[in-house]
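This is what each chain is made of:
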Amino acid sequence: MMKYHFFSQSPKIEFSEISKNKGSKKRLSYFLFFLFINAIFTINPQSVFAQKDTAKYTNDPIISQTQEKVFHESIDLQTKLLNATYQTDEQKIYKYLFLFLALFFLFAGILLAYIFRLQIKKIMTESAQNQRELRVNKLQREQLSLILDNVENSVLIASPEGTINWVNEGFKSLYGYSLDDLQKASKDNLRTFIDNQKDLVHIEKCISEKSEIGYSGETSDMFGSKIWFQRNLFPILDAEKNIVSLVATDNDLTMVKLAMNEINTQKKKVEEQKNKITDSITYAGYIQQALLPAVELSNELFKDHFIFFKPRDIVSGDFYWFTKKNDKIVAVAADCTGHGVPGALMSVLGVSLLNEIINIELDLPVENPAGEILNRLRDGVIDALNQPGSKKTKDGMDISLCIFDKDFKTLNFAAANNPGLLLRRNIDNSIELIKLEADRMPVGVYFKDNKQFSTKTIDLIPGDRIFIFSDGLIDQFGSEKKSKFMIKRLKELLVANFDKTLSEHKKILEETITEWMKSGKEEQVDDMIVIGIQI
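Residues numbered from 1 in each chain as written. Predicted model: local features only at pLDDT ≥ 70, side-chain atom pairs only at ≥ 80, totals over all residues. Heavy atoms only, no water.

(A) Fine view of the sheet that holds strand S1 (residues 154-158). The five strands lie next to each other as S2-S1-S5-S4-S3, forming an open sheet whose pairing is antiparallel. One side of each edge strand has no neighbouring strand; the edge strands of this open sheet are strand S2 (164-167) and strand S3 (213-220). In this sheet, adjacent strand axes meet at a mean angle of 25 degrees when their direction is disregarded. Helix-sheet contacts for helix H6 (residues 197-209) involve S3, strand S4 (226-237) and strand S5 (243-252), and the interaxial angle to S4 is about 15 degrees. Helix H7 (residues 254-291) rests against S4 and S5 of the sheet, and its axis sits at about 135 degrees to S4. (Pairing = 2+ DSSP bridges. Helix = DSSP H or I, 4+ residues; strand = E, 2+ residues; numbered from the N terminus. Axes fitted to C-alpha atoms, helices over the stretch in contact; angles between N-to-C directions. Contact = heavy atoms within 4.5 Å.)

Okay, structure coming up:
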């Protein structure tokens, strides 16, 4: 059997079956660990602590009993010592555990107190900041109130829910309500103050889109009077883009609306009068057209001709006139003073006087026939307008007058201010342009009262073309340069199209002058007339 020695200050004792004694293996191990015993031996129930000493080991019963007795006493003593030491160490553990828990809770308390102090400080800081913001907002509202109170326009401020919190004096002046009056009348909310469904849609749109809305409408004030207004409704947003307030500013449009209604009433009256006048002028145009020669007459007198007649207004100050007298054919293109109604009245006078001079009076004078007709026409105009001795009035007409014999072999030409043009093809096939000069004086009052109109006699050949016209076409502004058409362009246009028929001439002339005005974005400035006759 294997034996072990237990080394200590006590005498050497042989141990066996230590597990049978009162001290447990666990207590022995714990005791030996804390006391730093020289050796620790963990044994099973069959193990023994022994000190090998062959010299003292004996099989003598007495000695063995003595040894066993000493062994048991030593074991009891050590067991008691182990129990006392274990209890002392257990108390120390509890003490240390209590001390640890006390320190833990103390630290936790300090930490919680620090966190609580930080939260209290944060709350106090936020509260102070909110108080400052409230004071600033209050000051701003007071300043804004002072400013808005002096504004003539109506201003109200409402909460995001629509409750009206403030109105200025302009609001009271426009609608008659103070804030107290609105509260008493249960109109202290935008949705109850504004009873128009269309206006409520604008309010909801302003709130939903958080943007300014402008619109106009009508409502009634406190006393039931109708009011027209122009309203700008806009939200006031905070840093998080939340609506803080709604502000509505109203401009009073009542006087403007009433004035507009009056203007519209007067406009309708003017339009009615204009329509009546237009109808009258239109009817006068029919009368004027009836006074002009019929198409059938011109077709009978001239085999190939055209008449380009373009009044600026409904009635015209330009007119053309044809007649046949004693185998002679008379053609006239005239431009009366003014255009529109005044010019039309002068044209009626001119047509009437020509009928009287040529068709009613005796035969045409043999000498200076064209000039003599203009002399008599001038006398008739002066008498009709009561102009004897007057040097200031310029009422009258510019005119070109042609008298053809029955065979169209001779032309008698006289003109007041408006010249004529004769185009002829020569033997060498070139085109010759002859200007038929006019006397530089009108048919009317002139500072040289005794000056007579002259007559020019021209021999004609077949194929000759005669053009007489007013100044309406050559004085028409147009093109990108805003210049006049001028007689030079008219000459070039007529020469360039000499080989075309006169009906084609008319079409080209109409298209050219229309494009001329269109390119310069110009309106027609005067009546236009051009007459072309081919021999």
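(B) Representation of the nonpolar core within the structure. Counting 53 residues, the largest nonpolar core has Phe302, Phe319, Leu377, Phe404, Leu411 and Ile531 as its most contacted members. Elements with a contribution of two residues or more to this core: strand S7 (318-325), strand S8 (328-336), helix H9 (340-360), helix H10 (369-384), strand S9 (396-404), strand S10 (410-416), strand S15 (465-469) and strand S18 (528-534). Beyond its immediate chain neighbours, meaning those up to four positions away, Ile531 contacts Phe306, Ile307, Tyr320, Phe322, Val332, Ala333, Ile466, Phe467 and Ile468. Core analysis: the next-biggest nonpolar cluster, separate from the first, contains 23 residues, Tyr177, Leu182, Leu190 and Ile213 among them. (Core = buried A, V, L, I, M, F, W, Y, C linked by side-chain atoms within 4.5 Å. Buried < 20%, exposed > 50% of the residue type's maximum accessible area, 1.4 Å probe, protein only.)

(C) Quick look at the pattern of salt bridges. In the structure shown here, the tally under the stated rule is nine salt bridges. One salt bridge in this structure joins Lys482 and Glu522, with 3.7 Å as the shortest N-O distance. Taken together, the positions of Lys482 in the loop between strand S16 (477-478) and strand S17 (483-484) and Glu522 in the loop between helix H12 (502-519) and S18 put the pair 40 residues apart, joining distant regions of the chain. Judged by relative accessible area, which is 42%, Lys482 ranks as partly exposed. (Salt bridge = Lys/Arg side-chain N within 4 Å of Asp/Glu carboxyl O.)

(D) Inspection of helix H11 (residues 486-496) at higher detail. Within H11 the residues assigned to the buried category are Leu490, Leu493 and Leu494. Angular distribution of buried residues about the axis of H11 spans 95 degrees; they occupy a single face of the element. Exposed side of H11, more than 90 degrees from the buried face: Lys488 and Ala496 are the residues found there. Tucked inside the fold, the buried residues of H11 contact strand S11 (420-425), S15 and H12. (Arc of directions from axis to C-beta.)

(E) A nonpolar patch on the surface, seen in detail. A cluster of nonpolar side chains, namely Tyr94, Leu97, Phe100, Leu101, Phe104 and Phe105, defines an oily patch on the protein surface of about 670 Å² accessible area. For Phe105, the location among the structural elements is in helix H2 (residues 61-149). Looking at Phe105, the relative accessible area reads 56%, which means it is exposed. (Patch = residues over 30% accessible without salt bridge, like charges linked within 9 Å, V, L, I, M, F, W, Y side chains within 5 Å. Areas by Shrake-Rupley, 256 points an atom, 1.4 Å probe, with all protein chains shown as cover.)

(F) Examining the pairing of S10 more closely. With six of seven residues buried, S10 lies mostly within the body of the structure. Across six bridges, S9 lies against S10 in antiparallel orientation. Each residue of the ladder has a partner; that of Ser400, found in S10, is Ala415. In the sheet, S10 pairs with strand S14 (residues 456-459) via four bridges, with the strands oriented antiparallel. Along S14, the bridge assignment pairs Leu411 with Ile458.

(G) Fine view of the packing of H11 against H12. Here H11 crosses H12 at 140 degrees, and the two axes come no closer than 11 Å. Of the two possible hands of crossing, H11 and H12 adopt the one that is right-handed. Contact residues: H11 offers Arg489, Leu490, Leu493 and Leu494, while H12 offers His505, Ile508, Leu509, Thr512 and Trp516. Taken together, the residues that form the contact of H11 with H12 break down as six nonpolar, two polar and one charged. (Left-handed = near helix turned anticlockwise from the far one by under 90°. Nonpolar A, V, L, I, M, F, W, Y, C, P; charged D, E, K, R; others polar.)

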